[in-house]
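Structural features, examined
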Amino acid sequence: MSDDFDGARERARRPEDLSRLVVERLNAGDVDGLVELYESDAVLALPDGVVATGIDEIRAAYARLVADRPVFQLGPQVPALRAGDLALTSSRLPGGPGATVEVARRQPDGSWRWILDQPNVLG
């Protein structure tokens, strides 16, 4: 997969859009759409303590995750903390004490993609 969008999916115009888009795409089982939310060398922490590095590993992780068609909800978000082309994003997990934390980078087209994703920093 290239870093180019195919034009069919919504892009994250703000770093805060990424959390909403990931939940929408998880619920739709859209693995390709999920992968589009990450830079090609991104790192995603997995619940079992394993780390997925790069698009291929992230794609495989999401394919396993959506195979059983779980339903996800978007938790309350903290406003992104920005420094130039970087942003720190975070959300509380619905129904529990957990929280996510991610680092996003602005892309040349103005959209945002995650480069680091820790889906449950407190779990």
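- Identification of the protein as YybH family protein from Nocardia halotolerans is taken from an unreviewed UniProt entry.

Things to note about the pattern of salt bridges
- Following the criterion strictly, the structure yields 12 salt bridges and no others.
- Salt-bridge contacts for Arg14 lead to Glu16; the nearest nitrogen and oxygen are separated by 3.7 Å.
- You can call Arg14 partly exposed: its relative accessible area is 43%.
- When the shortest N-O distance is used, the salt bridge between Arg20 and Asp17 registers 4.0 Å. Pair noted here: Arg20 and Asp17 are both in helix α1 (residues 17-28), with a separation of 3 residues, about one helical turn.
- Overall, the relative accessible area of 9% leaves Asp17 in the buried class.
- Via salt bridges that share partners, Glu10, Arg14, Glu16, Asp17, Arg20, Glu24 and Arg82 belong to a single interconnected network.

Concerning α1
- End to end, α1 covers 17 Å across 12 residues, agreeing with the expected 16 Å (1.5 Å per residue, within 8%).
- Lining the buried residues of α1 we find α2 (31-35), α3 (54-66), β3 (77-83), β4 (86-92), β5 (99-106) and β6 (112-118).
- Phi turns positive, to about 70 degrees, at Gly29, one or two residues after α1.

Topic: the nonpolar core
- By size, the foremost hydrophobic cluster in this structure holds 25 residues, and its most contacted members are Leu18, Val22, Tyr38, Leu44, Ile58 and Tyr62.
- Among all residues touching Tyr62, those that are not within four sequence positions of it are Val22, Leu26, Val31, Leu34, Tyr38, Leu44 and Asp117.

Conventions and cut-offs
- Residues numbered from 1 in each chain as written.
- Predicted model: local features only at pLDDT ≥ 70, side-chain atom pairs only at ≥ 80, totals over all residues.
- Heavy atoms only, no water.
- Salt bridge = Lys/Arg side-chain N within 4 Å of Asp/Glu carboxyl O.
- Buried < 20%, exposed > 50% of the residue type's maximum accessible area, 1.4 Å probe, protein only.
- Helix = DSSP H or I, 4+ residues; strand = E, 2+ residues; numbered from the N terminus.
- Expected span 1.5 Å × (residues − 1).
- Contact = heavy atoms within 4.5 Å.
- Core = buried A, V, L, I, M, F, W, Y, C linked by side-chain atoms within 4.5 Å.

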